[in-house]
Amino acid sequence: MGIIAWIVLGLIAGAIAKAILPGRQGGGWIATLVIGVVGALLGGWIGSAIFGIGLEEFWSIQTWLVAILGALLVLVIWGFITRGSNRRA
């Protein structure tokens, strides 16, 4: 996949992950893009390491599922990291 395909995949996967995960996630479309691209990379790495599947072609359902699941994982981790930063002592 080319860089444009990664950007589009990341933006859509991040938006779907934000829609699936309940709660308030901050950030605009750039944060969604970063979450999606990092999630796609993480999902592809975990998928290939554990299950032997990874990111294939742009229109492959396997690629989209791996990218969305990876973006969900990144959102959960990001939520744990930023959860305590909003509280005041």
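The coordinates are above.
The notes below deal with the structure included here. Predicted model only: the values in this text are computed from it and were never measured.

## Quick look at the overall build of the chain
Item 1. Assigned secondary structure in the chain consists of three helices and zero strands.
Item 2. What you see in the chain, going N to C, is helices and strands ordered as α-α-α.
Item 3. Burial status across the chain gives 33% buried among its 89 residues.
Item 4. Within the chain, counting contacts between residues at least 6 apart in sequence, those at least 24 apart form 61% of the total.
Item 5. Looking at the chain as shown, the accessible area adds up to about 6,000 Å², and 70% of this sits on carbon and sulfur atoms.

## Thoughts on the environment of Ala13
Item 1. For Ala13, the position within the fold is in helix α1 (residues 3-20).
Item 2. Owing to a relative accessible area of 0%, Ala13 belongs among the buried residues under this scheme.
Item 3. As for Ala13 and Ile35, which are separated by 22 residues in sequence, their C-alpha atoms are 8.5 Å apart.
Item 4. Setting aside chain neighbours within four positions, we find Ala13 in contact with Trp64, Ala67, Ile68 and Ala71.

## Concerning a nonpolar patch on the surface
Item 1. A surface patch of nonpolar side chains, about 1,100 Å² in accessible area, is lined by Ile3, Ile4, Ile7, Val8, Leu11, Ile12, Ile16, Ile20, Trp29, Ile30, Val34 and Val38.
Item 2. Mapped onto the nonpolar patch, the elements with two or more residues apiece are α1 and α2 (29-51).
Item 3. The leading source of residues in the nonpolar patch is α1, at eight residues.
Item 4. Checked against the element boundaries, Ile12 lands in helix α1.
Item 5. A residue is classified by how much of its surface remains accessible, and Ile12, at 37% relative accessible area, is partly exposed.

Cut-offs used in this document
Residues numbered from 1 in each chain as written. Predicted model: local features only at pLDDT ≥ 70, side-chain atom pairs only at ≥ 80, totals over all residues. Heavy atoms only, no water. Helix = DSSP H or I, 4+ residues; strand = E, 2+ residues; numbered from the N terminus. Buried < 20%, exposed > 50% of the residue type's maximum accessible area, 1.4 Å probe, protein only. Contact = heavy atoms within 4.5 Å. Areas by Shrake-Rupley, 256 points an atom, 1.4 Å probe, with all protein chains shown as cover. Patch = residues over 30% accessible without salt bridge, like charges linked within 9 Å, V, L, I, M, F, W, Y side chains within 5 Å. Salt bridge = Lys/Arg side-chain N within 4 Å of Asp/Glu carboxyl O.

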